[in-house]
Amino acid sequence: MSKQNKNLLLISYDFPPSTGGIARLCHEIVTHMHQYYRHIHVITIQKEGVAVPYQDIQEVSVHFLPAQRGKAEFKALQLLKKWPDKENTEVLCGLWHPDAALALLAGMPNVFVLAHGTELLIGNSKFRKYLWQPLYAKWVLGKAKKVIANSSFTESLVRKINPKANTVALPLGVNPSFFKPLSNKKQDGKIKICTVSRVLQFKGHDFILESLESLPYKYREQIEWHIAGTGPYLENLKQLAKSSKLSKQIYFHGFVPDKVLPKFYNQHDLFILATRQADTSTQVEGFGLVFLEAQACGVPVIGTKTGGIPDAIKEGEGGWLIAQDNQKELIALLKKLIDKPELLSKAEKKARERVKTHANWQNYGKKLYTYINT
């Protein structure tokens, strides 16, 4: 496809060297969208680390804002007000606030917003319930030319705030050349389960532990559980693990850097993350990129039917979905997989093929470009 005579401006405070999910998404967007535009500009906050990871892509320029939020917003607004050729600049915003709000206030005519989930929830906040969401968020989401949600669940959150918002659901992808099967799995008769996530209570680590503990002894002795990640619930989880029947079969690996994540996934037979969802919380799994990463490595996954996880897992194609906190359902599934290891072998191939064919960043970039231009 030949490049159009337009520029793409990505506004996101979360951008490399930041390492969160939004930063990774924005990185992949720049990597896969530069082929469609004359030039790509990025507006982000100045951070320590490798600031410009795109030295080999000449069409990308990064504009840095001060680290302090108030100063950053003021500088961004000034920069956007003076932006040349606004009509031929398509603005893609990492969040509706403050990114999209600043673009709209600066008079940018072609504003598109990425929606992730958590930022659209109210929780117990009266301020969010009566002012932030129904007035401010509703205005921004309604003014945007299109809101591109990471899952059907997140799209429903956008429509709940503003039913007239122009929305579309575009599930995320992974890089199947980076996340891929490797031949480093040790066969010792154990079913090695892994979980990769921030260690927060809503992620459901305690539910997984209780379910594994409730397995009959002959099943319990055949499993290991390897946990990667850090977070405020980590010490609580370690104490629960220490006093559990599985104390010698649970391993904590701490933070696993992106560059070695494929190796970590490949050392395991099954991935589980049992995220919870509650109406009174602002914590939710808007999509669940880790499910795709594991599947791309040929590791089958189990997830809950919460948030956007059903868009990351297709039942019977390398993964299984269970109801939130449904211990009986998880135990039955684990017993089935331990009794019939050939089910895992078949699921490994299906998981890899699904991601390689459908859930990759190249396909995401093509669809994103199409949605922006239709």
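Quick look at the structure, then. Here the structure is a predicted model, which is why all the values come from computation and not from measurement. Residue positions are given per chain, counted from 1 along the sequence in the order it is written. pLDDT decides what is reported in this predicted model: residues at 70 or higher carry local features, side-chain atom pairs at 80 or more are listed and counted, and totals for whole chains, interfaces and linings draw on all residues regardless. The side-chain figures draw on all heavy atoms in the structure; neither hydrogens nor water molecules are used.

Here the focus is the packing of aromatic side chains. Pairing of aromatic rings covers Phe, Tyr and Trp, the last counted by its six-membered ring, and requires centre-to-centre distances within 6.5 Å; plane angles under 30 degrees mean stacked, over 60 mean edge-to-face, and any other angle means tilted. In total, this model carries eleven aromatic pairs according to the counting rule given. With a centroid separation of 5.9 Å and an interplanar angle of 75°, the aromatic rings of Tyr37 and Tyr369 are classed as edge-to-face. Here Tyr37 is found in strand 2 (residues 37-45), whereas its partner Tyr369 is found in helix 14 (residues 361-372), with 332 residues between them in sequence. Relative accessibility decides the category of a residue: with a 1.4 Å probe and only protein chains considered, values under 20% of the type maximum give buried, values over 50% give exposed, and everything between is partly exposed. Residue classification places Tyr37 among the buried positions, given a relative accessible area of 0%. Taking relative accessible area as the criterion, Tyr369 reaches 13% and is therefore assigned buried. Ring centres 4.8 Å apart and planes at 70° place the aromatic pair Trp96 and Tyr136 in the edge-to-face group. Of this pair, Trp96 sits in helix 3 (residues 96-105) while Tyr136 sits in helix 4 (residues 126-143), and the two are 40 residues apart along the sequence. Residue Trp96 is classed as buried on the basis of its relative accessible area of 2%. These aromatic residues form a ring-pair network of at least three members: Phe178, Phe179, Tyr265, Phe271 and Phe291. Secondary structure counts use DSSP, requiring at least four H or I residues in a row for a helix and at least two E residues in a row for a strand, with both numbered from the N terminus.

Our focus in this paragraph is the environment of Thr118. Within the secondary structure layout, Thr118 lies in the loop between strand 5 (111-115) and helix 4. A C-alpha to C-alpha distance of 8.6 Å links Thr118 and Thr154, two positions 36 residues apart in sequence. The contact definition used throughout considers only heavy atoms, calling two residues in contact when any of these lie within 4.5 Å. Contacts of Thr118, omitting those with residues within four sequence positions, involve Thr282 and Val284.

A few words now on the sheet that holds strand 12 (residues 301-304). When DSSP finds at least two bridges between two strands, those strands are taken to pair. Pairing is parallel in the open sheet, where six strands are placed in the order 10-9-8-11-12-13. Only two strands of the sheet have a single partner each, and these edge strands are strand 10 (250-254) and strand 13 (319-322). The average angle at which neighbouring strand axes cross in this sheet is 25°, direction not considered. Sheet analysis places strand 11 (residues 270-273) next to strand 12, joined by three bridges and oriented parallel. In this analysis an axis means a line fitted to C-alpha atoms, helices contributing only their contacting stretch, and an angle means the value between N-to-C directions, from 0 to 180 degrees.

Here we take up the sheet that holds strand 5. Strand order in this open sheet of seven strands is 3-2-1-4-5-6-7, and the pairing throughout is parallel. Strand pairing shows two members of the sheet lacking a second neighbour, strand 3 (60-65) and strand 7 (167-169), which therefore form its edges. Each strand of the sheet is rotated relative to its neighbour by a mean of 20°, with strand direction disregarded. Two strands pair when backbone bridges link them, and strand 6 (residues 146-149) and strand 7 are joined in this way by three bridges, in the parallel orientation. Each residue of the ladder has a partner; that of Ala149, found in strand 7, is Ala169. Docked against the sheet, helix 2 (residues 69-81) engages strand 1 (4-11), strand 2 and strand 3, running at close to 135° with respect to strand 3. Along the sheet face, helix 5 (residues 152-161) touches strand 5, strand 6 and strand 7 and points at about 165° away from the line of strand 7.

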